[in-house]
Every structure is written in C-alpha cells, then in structure tokens.
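Descriptive analysis of the structure
Read off the chains here:
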Amino acid sequence: MTADTTAVQTAESAPTFKLWKKMQEMPLGGLVGSWLFSQGICFKAPYFRTVRPQIKELRPGLCRVTAPNRRGMHNHIGTYHAIASCNMAEVAAGVMTEATVPPTHRWIPAGMTVEYNAKASKGAVMAVTRLEEIPEFGDEKFDLIVPVDVLEANGIAFVTARITMYISPKKR
C-alpha cells in the first residue's frame, strides 16, 4: 500500500464524507441527498446560506459547489459580488477539508488570498477545489493550502483563491 493510498483511506474515514456517500443513495440519483446535505452544511455554518450553495460533488481532496447568480449577490455593476465569490470559495474549501481530514484531526481556516481575474457573467456560479494529493495526517501540525477556482457558466475562473487551513491532531 502506498502513502497516497493510505492517505486517501484515512481521509475516507472522515464523518462528513461518509455522510455524503450515504446521502447519495437517496432518491432521484442523489438529488434529494445532495440538497439535504447542502442544507445541513448551511445549518452548521449559517453564513454560507447567503449564497445558497448546492454541493454537487464531494470526495477527499475534491469539492464542487454551485450557486444561483441572483440579484441579491450582485454588485453595483450587476455582476456577482467579489465577497460572494469569497464565500463560495470558503464553502468549497471548508466542505472539502471537512470531508478530507480524518476524525483524529481538526482544522480551522487561517487565511485567504484572493485574485479577482475578471467580472462574472450573469450565469450560474461554481466553486471547485481540488488537492493535488491528500496529505498524510500524522502527529505534526501543518498548514494545508487549498486552491479554489470560482467559475462562471463557461468555465472561466473569474476568481481564484488560496485558503490556508491549519490542521492539527485532536487532543487525546
């Protein structure tokens, strides 16, 4: 067994990821489960509800989240607001981290850098985060840099973010 295989197996023990997999077995090809899961995330972190996120795909090291591009998220020029984009980035990064970090560890966001690459169109918005590799979760504390792209409907990243997650073992 390789270190990467061990890291993925450890990450797959994360309770959030187990819950996601279970909810994907619900009716309508997991649509009901995805909706309920997304509502649960917003209950746990109420501010996320402002962008109305829908988790579309989740596994250790990956999360895809969509949100409607509605008027309440627009800025003064009628495009998706920069801070709403940051909120989408934080939803994707947080949910992915929660589904990746095993129950032996904890995490907290420690910082975020954001680049506004272009103004967003009026279509739906998607935030995607993908780790190149799942880290090993040992006895040492470490920073995990989580890259996030916030995309418009045509796949162009109008915002890119790097969110630093502070990972540490839980106290025994």
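What comes next concerns the included structure. (Residues numbered from 1 in each chain as written. Predicted model: local features only at pLDDT ≥ 70, side-chain atom pairs only at ≥ 80, totals over all residues. Heavy atoms only, no water.)

1. Observations concerning the nonpolar core
Of all hydrophobic cores here, the largest spans 42 residues; its most connected members are Ile55, Tyr80 and Val148. Broken down by secondary-structure element, the contributors of at least two residues to this core are α2 (15-23), α3 (31-44), β1 (54-59), β2 (62-67), α4 (82-100), β4 (125-130), β5 (142-152) and β6 (157-169). In terms of residue count, α4 provides more of this core than any other element does, nine residues in total. Excluding residues within four positions of it along the chain, Tyr80 makes contact with Val51, Ala67, Pro68, Asn69, Met73, His74, Asn75, Ser85, Met88, Ala120, Val125 and Phe158. (Core = buried A, V, L, I, M, F, W, Y, C linked by side-chain atoms within 4.5 Å. Buried < 20%, exposed > 50% of the residue type's maximum accessible area, 1.4 Å probe, protein only. Helix = DSSP H or I, 4+ residues; strand = E, 2+ residues; numbered from the N terminus. Contact = heavy atoms within 4.5 Å.)

2. Digging into a positive patch on the surface
A grouping of Arg106, Lys141, Lys170 and Lys171 is seen on the molecular surface, where their side chains present a positively charged patch. Turning to its location among the elements, Lys171 is positioned in the segment after β6. Accessibility expressed as a relative area gives 73% for Lys171, which makes it exposed. (Patch = residues over 30% accessible without salt bridge, like charges linked within 9 Å, V, L, I, M, F, W, Y side chains within 5 Å. Areas by Shrake-Rupley, 256 points an atom, 1.4 Å probe, with all protein chains shown as cover. Salt bridge = Lys/Arg side-chain N within 4 Å of Asp/Glu carboxyl O. Lys, Arg positive; Asp, Glu negative; His and termini not counted. Charge placed at Lys NZ, Arg CZ, Asp CG, Glu CD.)

3. Section: the packing of aromatic side chains
Taken as a whole and assessed by the stated rule, the structure comprises three aromatic pairs. When the ring of Trp20 is compared with that of Phe37, the centres are 5.1 Å apart and the planes differ by 75°; the resulting orientation is edge-to-face. One end of the pair, Trp20, is in helix α2; the other, Phe37, is in helix α3, and 17 residues separate them in sequence. With a relative accessible area of 3%, Phe37 lands in the buried category. When the centroid spacing of 6.3 Å and the interplanar angle of 80° are considered together, the rings of Tyr80 and Phe158 count as edge-to-face. Pair noted here: Tyr80 is in the loop between β2 and α4 and Phe158 is in strand β6, with a separation of 78 residues, a long-range link. With a relative accessible area of 2%, Phe158 lands in the buried category. (Phe/Tyr/Trp six-rings, centres within 6.5 Å; stacked < 30°, edge-to-face > 60°.)

4. A word on the pattern of salt bridges
One pass over the full model with this rule turns up two salt bridges. With its nearest N and O atoms 2.6 Å apart, the salt bridge here joins Glu57 to Arg59. For Arg59, a relative accessible area of 40% translates into the label partly exposed. For Arg64, the salt bridge identified is with Glu57, shortest N-O distance 2.7 Å. In this structure, a network of salt bridges that share partners links the residues Glu57, Arg59 and Arg64.

5. Examining α2
For α2, the complete set of buried residues consists of Thr16, Phe17, Trp20 and Met23. Projected down its long axis, α2 shows its buried positions confined to an angular sector of 125°, all on one face. In this structure, α2 carries Pro15 and Lys22 as exposed residues pointing more than 90 degrees from its buried face. On its buried side, α2 packs onto α3, β1 and α4. (Arc of directions from axis to C-beta.)

6. So, the sheet that holds β1
The strand order across the open sheet built from six strands is β1-β2-β4-β5-β6-β3, with neighbouring strands paired in antiparallel fashion. In this open sheet, the two strands that pair with only one neighbour each are β1 and β3 (105-116). On average, each strand axis in the sheet is inclined to that of its neighbour by 20°, with strand direction left out of account. With eleven bridges joining them, β3 and β6 adopt antiparallel strand pairing. Bridged to Met112 within β6 is Ile163. (Pairing = 2+ DSSP bridges. Axes fitted to C-alpha atoms, helices over the stretch in contact; angles between N-to-C directions.)

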